Amino acid sequence: MTNDDNKRYTIILYGLFLIGSFFFLSLDFYRAFWYDEAYTINLVRQSFGYLWYVTANDVHPPLYYILLKLYTYICGDSVVALRIFSALPMIGIMLLTCTHIRQKFGNKTALSLLVVVILMPVNQYLASEIRMYSFGMFFVLLSALYAYQSYTTFRRSDLIKFTLFSLAAAYTHYYALLGVFYIYLLFFLVVILKKRDKILPFIGYSVLFIIGYLPWLINLPGQVSQVQDEYWINAPRLKDFVIYFYYPFAQELDLTATELPLSHFASAFYMLIVFIVLFVYVVISGRKANFTDKQLSVKRVYASLLFLAFVLTLATAITYSLLSKPVFVTRYMTPILGLLYLGFAIFLASFDWKKTQNKVVLFLMFLILAYFSFDHYSLQYRTNQYNERVQAKIVDFAEERLDDKTAFVYSDTRSFSIAAIPLFFPDSKHYIRIRLTGKYYKKYLENFKSIPIFDFGDIDTTYTKILVVKNIDNDDSFMKVAEDSIEIVKYFDIIDRQDIEGHVVYQLQRKNRN
């Protein structure tokens, strides 16, 4: 490739990097948040000691929370600032693509990967959600890259980086840990087959990884027992296997705000089938392409191993969920999606871009991916507006009626209200009416300073007024019917009630028992 071609790729790649950075950051400027995001916000506003205590009793490792806590010392803990933090790994992946990946795998691989990262719809969500998933993807991808680098050189510096990035992934999310496990396993098998004389260095650094993870392993049994005891994930159903394919192209949204007909999603699904068929065609064509360059052949094998690590991770999680305890939801696949992206990009680079039929294939794939991307962006924007509107109305309702004799009560453990309202009113008393079997939630809600109760009679009699926030579509404890609860009217009079787009907010007055 000539210098002019390299300069042209440099301009294109860094131009896409700037466009992609703006694209991801543009979704970070909204202030509503859902349950898990509120959990994160509340946690990073606590001390480091409390943060470690809570994460040890959570079901996720602590690294993301620690990094986010450190970040807040520089950029603050506003919702927008915390969202921007989630965009940084996606920007880091794009920068990595323009530099390290381009250097190791070539211009065409870098261009293909950059386009996929920017356009894949789920990445928009990862870059704006106040959770650890974008960091999980970043660290798993770095682990896979330095596994390849370590295999080709076996330099100490590369093996150290491989170990450190693998540890970072393992300390970020357990599905990232599972992905790293399969990267190590496949690395081990390849070393046995191709470089048996390097087995001792590989084992030595693998032991270092295990030693580095030991401090967190002491918390693992307790977290596993939480999941085994009671957890919110349901067992996979047949339709879920379809959703697993659909998820990266259209992360689930609160469609109350979108009002889109079912036909919209049906047509999108047909487009997804076409994309998957073209995807398979590209991979098969890339594998069949004849190259005299041995290094290119090694890269295609590496791409196949990336696919295998991705598939094995998913298969392990789904099989365990079917045979033992459900532990898999679609967003848990996001830490390992970078493996799929890079593997596909390598095969795209092996694809002959000059053939007319291949140009048509590439154009159709780009068109479908662009459609999904901008369709999702529009849905995400409208959903963000809806969530901000609902959140603002509930907060306004509470502010107008709140005094020092008022406490909050929540009717469900998974909607935004139980998590968000305590952040807006931290000095008020907060109760959650839970089921008698809610052991998991009772511990989980400690982070929100919400007191679990099993009956409205358990509310401190000091509070003569109560504000009840109920999510109509997500109620797992009481008030199954949207109308007034028998339990409420036993202790309180309902003096005000307002329907707020999927929520009901009640103002109660304690009955005079004299």
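Whatever comes next refers back to the structure up there.
Cut-off values and rules
- Residues numbered from 1 in each chain as written.
- Predicted model: local features only at pLDDT ≥ 70, side-chain atom pairs only at ≥ 80, totals over all residues.
- Heavy atoms only, no water.
- Buried < 20%, exposed > 50% of the residue type's maximum accessible area, 1.4 Å probe, protein only.
- Helix = DSSP H or I, 4+ residues; strand = E, 2+ residues; numbered from the N terminus.
- Pairing = 2+ DSSP bridges.
- Core = buried A, V, L, I, M, F, W, Y, C linked by side-chain atoms within 4.5 Å.
- Contact = heavy atoms within 4.5 Å.
- Axes fitted to C-alpha atoms, helices over the stretch in contact; angles between N-to-C directions.
- Parallel < 35°, antiparallel > 145°, perpendicular 65-115°, else oblique.
- Nonpolar A, V, L, I, M, F, W, Y, C, P; charged D, E, K, R; others polar.
- Salt bridge = Lys/Arg side-chain N within 4 Å of Asp/Glu carboxyl O.
- Phe/Tyr/Trp six-rings, centres within 6.5 Å; stacked < 30°, edge-to-face > 60°.
- Expected span 1.5 Å × (residues − 1).

Trainee: Is there a simple way to think about the pairing of strand β1 (residues 406-410) in this case?
Mentor: Every other side chain in a regular strand lies on the same face of the sheet, so the side chains alternate between the two faces. Of all five residues making up β1, five are buried, and the element is well covered by its neighbours. In terms of strand pairing, β1 meets strand β2 (residues 429-433) through four bridges, oriented parallel. Its bridge partner lying in β2, Phe408 is registered against His430.

Trainee: Help me out: how do you make sense of the nonpolar core in this one?
Mentor: Side chains of nonpolar character tend, in soluble globular proteins, to be buried together. In this structure, Tyr302, Phe328, Leu339, Tyr341 and Leu342 are the most contacted members of the largest nonpolar core, which totals 129 residues. Excluding residues that lie within four positions of it along the chain, Leu342 makes contacts with Ile101, Thr109, Leu113, Leu141, Leu145, Tyr302 and Leu306.

Trainee: Any chance you could explain the packing of helix α1 (residues 3-25) against helix α5 (residues 79-105) here in plain terms?
Mentor: Between two packed helices, both the angle of their axes relative to each other and the distance between the axes serve to describe the pair. At a minimum axis separation of 9 Å, α1 and α5 run at an interaxial angle of 170°. Classified by the angle their axes make, α1 and α5 are roughly antiparallel. Between α1, through Asn6, Tyr9, Thr10, Leu13, Tyr14, Phe17, Gly20, Ser21, Phe24 and Leu25, and α5, the contact on the second element is made entirely by Ile84, Ala87, Met90, Ile91, Met94, Leu95, Cys98, Thr99 and Arg102. Classifying every residue of the contact of α1 with α5 gives 13 nonpolar, five polar and one charged.

Trainee: How do you make sense of the pattern of salt bridges when you look at a structure like this?
Mentor: Where charged atoms from two side chains of opposite charge come close, those side chains can pair. Counted under the stated rule, the structure contains nine salt bridges. Among the salt bridges present, the one from Asp496 reaches Arg401, with a minimum N-O distance of 2.8 Å. Pair noted here: Asp496 is in strand β5 (residues 492-500) and Arg401 is in helix α17 (residues 356-401), with a separation of 95 residues, a long-range link. A residue is classified by how much of its surface remains accessible, and Asp496, at 23% relative accessible area, is partly exposed. On the accessibility criterion, Arg401 (18% relative accessible area) is buried. Ionic contacts of the salt-bridge type, sharing partners, join the residues Glu400, Arg401 and Asp496 into one network.

Trainee: Would you explain the pairing of β2 in this entry?
Mentor: When you tally the buried positions in β2, you get four out of five residues, the bulk of the element. Bridge analysis of β2 against strand β3 (residues 451-453) gives three bridges, and the strand direction is parallel. Within the sheet, the bridge partner assigned to Arg433 lies in β3 and is Ile453.

Trainee: What's the story with the packing of aromatic side chains in this structure? I'm lost.
Mentor: Pairs of aromatic rings are described using the distance from one ring centre to the other and the angle between the two planes. On inspection of all chains with the given rule, the structure shows 42 aromatic pairs. Ring centres 5.2 Å apart and planes at 70° place the aromatic pair Phe249 and Phe275 in the edge-to-face group. Of this pair, Phe249 sits in the loop between α13 (238-246) and α14 (262-288) while Phe275 is found in helix α14, placing the two residues 26 residues apart along the sequence. Each member of the pair, Phe249 as well as Phe275, is classed as buried. Aromatic pair Tyr281 and Phe351: ring centres 5.9 Å apart, planes at 85°, arrangement edge-to-face. Residue Tyr281 is found in helix α14, and its partner Phe351 is found in the loop between α16 (337-350) and α17; the two are separated by 70 residues along the sequence.

Trainee: What is the right way to read helix α6 (residues 107-119) from this model?
Mentor: An α-helical turn contains 3.6 residues, so any two residues separated by three or four positions project in the same direction. For α6, spanning 13 residues, the distance from its first C-alpha to its last is 18 Å, which sits close to the expected 18 Å at 1.5 Å a residue. With 11 of 13 residues buried, α6 is to be regarded as a mostly interior element. Those residues of α6 that fall on the buried side of the exposure criterion are Asn107, Thr109, Ala110, Leu111, Ser112, Leu113, Leu114, Val116, Val117, Ile118 and Leu119.

Trainee: Sorry, what's going on with unusual backbone geometry here?
Mentor: Working note: non-glycine residues mostly have negative phi, and peptide bonds are mostly trans. Of note, the phi angle at Phe154 is positive, near 55°, even though the residue is not glycine. You can see Phe154 is positioned in the loop between α8 (133-153) and α9 (156-170). Residue Phe154 is classed as buried on the basis of its relative accessible area, which comes to 11%.

Trainee: Would you explain the packing of α8 against helix α10 (residues 174-194) in this entry?
Mentor: With their axes 10 Å apart at the nearest point, α8 and α10 run at an angle of 10° to one another. By the criterion of interaxial angle, the relationship of α8 to α10 is roughly parallel. Side by side, α8 and α10 meet where Gly136, Val140, Ser143, Ala144, Ala147, Ser150 and Tyr151 of the first sit next to Ala176, Val180, Ile183, Phe187, Val190, Val191 and Lys194 of the second. Counted by class, the contact of α8 with α10 contains 10 nonpolar, three polar and one charged residues.

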